[in-house]
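# Secondary and tertiary structure notes
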Amino acid sequence: MTADETIKGKADTPSPFFRLETIKKRADFKAANGGPRFSTPGFTMLRAPAAATDRLRFGFTVTKKLGKAVLRNRIRRRLKAAVQAMLKAESASLAGQPMDLVILARQAAADLPFETLSRDLGRATLTLAKRGSEAGKRG
RNA sequence: CCAGUCGGCCGGGCGACCGCGGCAUUUUAUGUCGAGGAAAGUCCGGGCUCCAUGGAGAGACGGUGGCGGCUAACGGCCGCCGAGGGCGACCUCAGGGAAAGUGCCACAGAAAACAAACCGCCGGGUUUUUUCCCGGUCAGGGUGAAAAGGUGCGGUAAGAGCGCACCGCGCCGCUGGCAACAGCGGUGGCAGGGCAAACCCCACCGGGAGCAAGACCGAAUAGGGAUGGCGCGUGCCGCAAGGCGCAGGGUUCUCCGCCCGAGGGUUUCGACCCGUGACCAUCCGGGUUGGUUGCUAGAGGCCGGGUGCGAGCCCGGUCCCAGAUGAAUGGUCGCCACGUUCCUGCGCAGGCAGGGGCCAUACAAAACCCGGCUUACAGGCCGACUGGAUUU
């Protein structure tokens with residue numbers, strides 16, 4: 001079932017938009033601190049008030065409080081993979097929306113089913129995209 | 001077959017889809033490589049880098065501590081010796097010095113160290129006896145982790161290395177060994193407790209900091225320096241320091257506000273020199289975010305041969321085997337293997353067969369690189385050896 005769908009997904013020509021771009025600068029992470037946020041069991045997503053680039057970027061924060069290196073790596077990689085799956089599913093609604101989103105991992109991200117994680121990411125991203133643009137109109 | 005000791009190794013496999021980071025290219029798509037035995041703890045030892053340093057030595061501080069070897073080096077490893085433990089294979093040991101000095105040795109006990117007599121034993125004195133006093137004694141009792149070597153015989157008033165034999169210990173000699181040390185012989189009646197992971201003494205070793213080392217490039221903003229531009233006029237108050245104005249300069253076009261001053265020397269009266277000031281221009285140096293480099297071919301892996309008891313060493317062949325930096329090496333599945341557990345059937349039993357379950361798979365992820373040590377680890381494999389049982 002799932003395998004069939006993914007095969008179909010591959011048949012579509014992959015747009016460069018699917019490529020996951022990550023935030024790497026400390027300043028960009030700090031910029032998202034005060035912005036709107038959306039929480040789910042697996043993570044908290046923050047949106048920077050202003051995007052630093054004209055692209056959609058994601059930053060991943062996994063604190064040492066969550067566990068040792070092995071567990072932290074697993075959490076970060078699952079979240080990255082889930083974001084990529086989500087981007088594929090929501091590509092239409094997200095096209096051309098520059099945003100900086102920071103994902104703050106929580107403990108449950110290691111054990112939650114992958115589909116739940118991916119679906120929550122989609123909800124969070126779309127919600128924050130709407131909220132951010134409204135704030136932009138007001139300001 | 002049971003119980004055990006030691007050593008070595010593995011620590012999921014195959015496939016599908018979607019991805020990530022290096023490096024190559026025929027430059028955007030393909031190829032290729034991409035975590036561990038501990039990558040961990042950061043406890044030692046090296047390489048490398050910068051800093052310090054005239055040479056050498058001493059002191060201080062820190063480390064090491066049987067002997068010999070291996071190694072780039074080590075606190076590591078190998079072999080051997082000694083002591084202790086185990087029936088044994090084997091295991092454990094900071095294993096130099098206690099007649100250089102200082103210190104400590106709780107409780108108990110008479111006494112814990114220029115020794116010491118509580119009970120007891122023996123002798124003498126006293127007393128009718130009990131008792132008391134003096135002396136001898138450490139064999140016995142009692143205390144303790146530890147009490148002036150142990151056992152036996154002699155000896156004695158009772159005893160005691162007081163004498164003797166054996167064992168132990170010290171010293172001397174010989175033999176074996178590179179040595180630690182061992183063996184043998186002689187000799188001494190016995191030296192006078194333990195703790196040196198207490199200070200200490202002796203021998204040996206050590207300059208410090210670390211890849212966030214170090215090198216290079218270098219934004220905005222602020223600050224530093226140099227040169228040039230422009231300015232340094234005047235009134236009132238005040239002894240003075242200074243204050244208040246006017247004019248001028250600067251501050252985005254204007255206004256407000258704010259900031260600015262210090263003159264002196266030479267003169268052919270054109271100016272020049274020195275000083276000073278907010279500001280402007282140009283340049284220079286430092287420097288944060290960031291980027292590049294250091295950055296992976298090495299005391300390297302594998303195979304074969306030689307050599308050594310061994311750690312290892314030598315020779316030949318062959319291979320290139322992670323280089324990330326908010327940090328790649330993954331995510332989601334399928335099948336299999338292994339594990340575990342439940343049910344059913346068979347069997348006296350060890351167990352065997354079939355089926356189902358486990359969000360089923362330990363400990364843990366490079367961060368400059370090596371050699372070690374230590375610690376963590378589901379489960380499994382192999383080899384050598386020891387003790388016992390059974391069978392022939």
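Here the residue numbers are simple positions, counted from 1 along each chain's written sequence. Chains carry letters from A onward and ligands carry numbers from 1 onward, assigned in written order. Local features are withheld for residues below a pLDDT of 70 in this predicted model, meaning they are given only at 70 or higher, and side-chain atom pairs are given and counted only at 80 or more; totals for whole chains, interfaces and linings count all residues. Hydrogens are left out, water is left out, and the side-chain values use all remaining heavy atoms of the structure.

### Details of a positive patch on the surface
So the rule is basically this: A patch consists of residues exposed above 30% relative accessible area that lack any salt bridge, with like charges linked at up to 9 Å and nonpolar side chains (Val, Leu, Ile, Met, Phe, Trp, Tyr) linked at up to 5 Å. Only the protein chains shown count as covering a residue, and every accessible area follows the Shrake-Rupley method with a 1.4 Å probe. One speaks of a salt bridge when a side-chain nitrogen belonging to Lys or Arg is within 4 Å of a carboxyl oxygen belonging to Asp or Glu. By the counting rule applied here, Lys and Arg register as positive and Asp and Glu as negative, while His and the ends of each chain are not counted. Just so you know, the charge point we use is NZ for Lys, CZ for Arg, CG for Asp and CD for Glu. Each helix corresponds to a stretch of at least 4 residues labelled H or I by DSSP, and each strand to a stretch of at least 2 residues labelled E; elements are numbered beginning at the N terminus. Whether a residue is buried, partly exposed or exposed follows from its accessible area with a 1.4 Å probe, protein chains only, as a fraction of its type maximum: under 20%, in between, or over 50%, in that order.
A contiguous patch of positive charge, built from Lys24, Lys25, Arg77 and Lys80, is present on the exposed surface. If you trace the backbone, Arg77 turns up in helix H3 (residues 69–89). When its relative accessible area of 54% is taken as the criterion, Arg77 is described as exposed.

### Considerations on the side chain of Arg57
Formally: We call two residues contacting when some pair of their heavy atoms lies within 4.5 Å.
You can see Arg57 is positioned in strand S3 (residues 56–61). Residue Arg57 is classed as buried on the basis of its relative accessible area, which comes to 8%. In contact with Arg57, other than residues within four places in its own chain, are Glu21, Ile23, Asp28, Ala52, Met99, Asp100 and Leu101.

### A look at the pattern of salt bridges
When charged atoms on two side chains of opposite charge get close, those side chains can pair. Evaluation of the coordinates by the stated rule reveals 3 salt bridges. One salt bridge connects Arg57 with Asp28, and the closest N-O pair in it is separated by 3.1 Å. A residue pair is termed long-range when its members are at least 10 positions apart, and Arg57 in strand S3 and Asp28 in helix H2 (residues 26–31) qualify at 29 residues. Across the pair Asp120 and Arg123 runs a salt bridge, and its minimum N-O distance is 2.9 Å. Separated by 3 residues within a single helix, Asp120 and Arg123 lie in helix H5 (residues 114–138), roughly one turn from each other. When salt bridges with common partners are traced through the structure, they connect Asp28, Arg57 and Asp100 into a single cluster.

### Observations regarding the sheet that holds strand S1 (residues 37–39)
Strand pairing in a sheet relies on backbone hydrogen bonds, with the paired strands running either antiparallel or parallel. What counts is decided by this rule: For two strands to be treated as a pair, DSSP must find no fewer than two bridges joining them. Helix axes use the C-alpha atoms of the stretch in contact, all axes being lines fitted to C-alpha atoms, and the angles between their N-to-C directions lie in the range 0 to 180 degrees.
The mixed open sheet is built from 4 strands, whose spatial order is S1-S2-S4-S3. The strands lining the two open edges of the sheet, one partner per strand, are S1 and S3. The average undirected angle you get between the axes of adjacent strands in this sheet is 20 degrees. By the bridge criterion, 3 bridges tie S1 to strand S2 (residues 43–47) in an arrangement that is antiparallel. Each residue of the ladder has a partner; that of Ser39, found in S2, is Thr44.

### Observations regarding the confidence of the model for chain A
Here is the rule we go by: For every residue, the predictor states its confidence as a pLDDT score lying anywhere from 0 to 100.
Looking at chain A as a whole, the pLDDT averages 75, with 79% of positions reaching at least 70. The low-confidence segment residues 1–17, where pLDDT is below 50, has 5 contacts with residues more than four positions distant or belonging to other chains. Reported for the predicted complex are a pTM of 0.72 and an ipTM of 0.75.

### Notes on the side chain of Arg78
To keep things clear, this is the line we draw: For the purposes of these results, a polar contact is taken to be a pair of N or O atoms within 3.5 Å, where, inside protein, one atom must be able to donate a hydrogen and its partner to accept one; residues adjacent in sequence count only when each atom of the pair is a side-chain atom.
Looking at the element boundaries, Arg78 is found in helix H3. Here Arg78 occupies a buried position and makes no salt bridge, while the nearest side chain of opposite charge, Asp111, is found at 6.2 Å. Side-chain polar atoms of Arg78 contact the backbone oxygen of Ala110, separated by 3.1 Å. In this structure Arg78 touches Ala109, Ala110, Asp111, Leu112, Pro113 and Phe114, once residues within four positions along its chain are discounted.

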